[in-house]
Amino acid sequence: MRLKTFYAKNMTEAMQMIRESLGDDAIIVATGEEPSRGGVRVTAAMDEPAFEIGDDAGDNWLQYDDEQDDNAVAEELTDTLLRHAVPEDVMDHMISCATVMGYDDIGIALVSTIEELFSFSPLPQGNAQKPLMLIGPPGAGKTLAAAKIAARGTLNGLNIGVVSADTARAGGVEQLRALTDLMKITLHKAQSPISLRNITESLDPRSDQVVIDTAGLNPFDTNDVRTLARMMSAVDAQPVLVLPAGIDAEEAGEIARVFATLGTEHIMPTRVDTARRLGNLLSAAHQGGLSFCDYSDTTSVAEGLTPMSALALAKLFMPRL
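Throughout what follows, the structure given in this document is the object of discussion. What you see is a predicted model, and the numbers here were worked out from it, not measured in a lab.

1. Observations regarding the pattern of salt bridges
For the coordinates displayed, the defined rule picks out three salt bridges. A salt bridge links Asp236 to Lys130, with the shortest nitrogen-to-oxygen separation between them at 3.4 Å. Taken together, the residues Asp236 in the loop between helix H8 (222-234) and strand E8 (238-244) and Lys130 in the loop between helix H4 (106-117) and strand E4 (132-135) connect sequence positions 106 residues apart. Overall, the relative accessible area of 56% leaves Asp236 in the exposed class. Asp294 serves as the salt-bridge partner of Arg152, at 2.9 Å between the closest nitrogen and oxygen.

Right, dumping it as structure tokens:
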């Protein structure tokens with residue numbers, strides 16, 4: 001299969017370019033707007049013509065094999081990204097990157113492409129210079145993630161401080177306390193930015209790690225965003241966007257952009273084990289310019305979190321690797 005991307009002022013003009021270049025049998029793989037060029041972007045594909053034996057069959061056969069190897073990788077990568085509902089703009093970047101690299105092994109191509117286009121920064125498992133503040137939409141799994149970080153630190157022999165700023169939601173503090181009590185960790189409640197700052201400052205000198213669980217917020221509600229911004233400005237913490245896998249990819253990108261404007265630089269995927277389409281994770285990282293840290297693929301607190309890497313992310317998209 002041969003892939004080619006076209007840029008035009010509108011879809012009609014792009015279709016004309018595709019017909020002239022690839023013929024009427026071309027298949028549209030991806031489309032999207034291209035604001036920087038003032039038009040649209042369309043990626044099309046077509047099957048290669050059958051090989052014909054002629055006088056120069058030897059040279060053509062070698063060239064045909066090389067093209068088939070490249071096309072096979074691009075085709076399998078395209079199928080994988082489409083299956084995971086990866087947005088068209090992200091998919092276009094990944095396919096283009098893989099094509100330029102020219103690897104003939106899909107595993108190497110996928111890992112190398114992810115490593116080139118995305119960044120990774122696992123959470124510290126030892127002493128942390130700043131408190132970790134878990135933020136995100138409601139139901140993303142922030143409270144469970146906070147418990148997992150605390151459990152991992154406790155098992156590593158660290159002194160862990162845990163703070164809950166999720167005091168408005170019914171049962172928010174109680175849920176986390178039930179988990180911290182098992183680890184014999186005192187849970188502190190912060191009901192305002194001032195109390196959060198005071199608690200964090202008191203914990204910081206005697207804690208190897210401080211974890212702050214925050215209330216879920218509607219990223220499209222101005223009041224919710226302002227409330228979180230006040231909490232974030234009260235302490236010098238490392239904010240981490242906790243985002244569940246499997247949600248709409250375009251919406252995930254919009255959510256990530258909102259949290260990025262608040263100073264968020266890291267994303268922690270959750271519920272990876274219950275999702276079959278992970279395109280939203282790539283969309284969020286791409287749209288928000290976020291680095292992957294750790295990810296959660298189990299509800300077990302004891303098993304904790306797994307540091308994310310290019311290889312780990314590639315295996316999530318293509319388990320047979």
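Here the narrative resumes, following the displayed structure.
2. Let's talk about helix H11 (residues 310-317)
Of all eight residues making up H11, six are buried, and the element is well covered by its neighbours. Ala310, Ala312, Leu313, Ala314, Leu316 and Phe317 are the residues of H11 that are buried.

3. What to know about unusual backbone geometry
With a phi close to 60°, Lys184 is a non-glycine residue in the positive phi region. For Lys184, the location among the structural elements is in the loop between helix H6 (172-182) and strand E6 (187-189). Notably, Arg271 is not glycine yet its phi reads approximately 55°, a positive angle. With respect to the secondary-structure elements, Arg271 resides in the loop between strand E9 (266-270) and helix H10 (279-288). Judged by relative accessible area, which is 43%, Arg271 ranks as partly exposed.

4. Examining the packing of aromatic side chains
This model, assessed by the stated rule, comprises two aromatic pairs. When the ring of Phe120 is compared with that of Phe292, the centres are 5.7 Å apart and the planes differ by 25°; the resulting orientation is stacked. Separated by 172 residues along the polypeptide, Phe120 in the loop between H4 and E4 and Phe292 in strand E10 (residues 291-292) bring together distant segments of the chain. Judged by relative accessible area, Phe120 falls into the partly exposed class, the value being 25%. Of the residues examined, Phe292 reaches a relative accessible area of 0% and is grouped as buried.

Analysis parameters
- Residues numbered from 1 in each chain as written.
- Predicted model: local features only at pLDDT ≥ 70, side-chain atom pairs only at ≥ 80, totals over all residues.
- Heavy atoms only, no water.
- Salt bridge = Lys/Arg side-chain N within 4 Å of Asp/Glu carboxyl O.
- Helix = DSSP H or I, 4+ residues; strand = E, 2+ residues; numbered from the N terminus.
- Buried < 20%, exposed > 50% of the residue type's maximum accessible area, 1.4 Å probe, protein only.
- Phe/Tyr/Trp six-rings, centres within 6.5 Å; stacked < 30°, edge-to-face > 60°.

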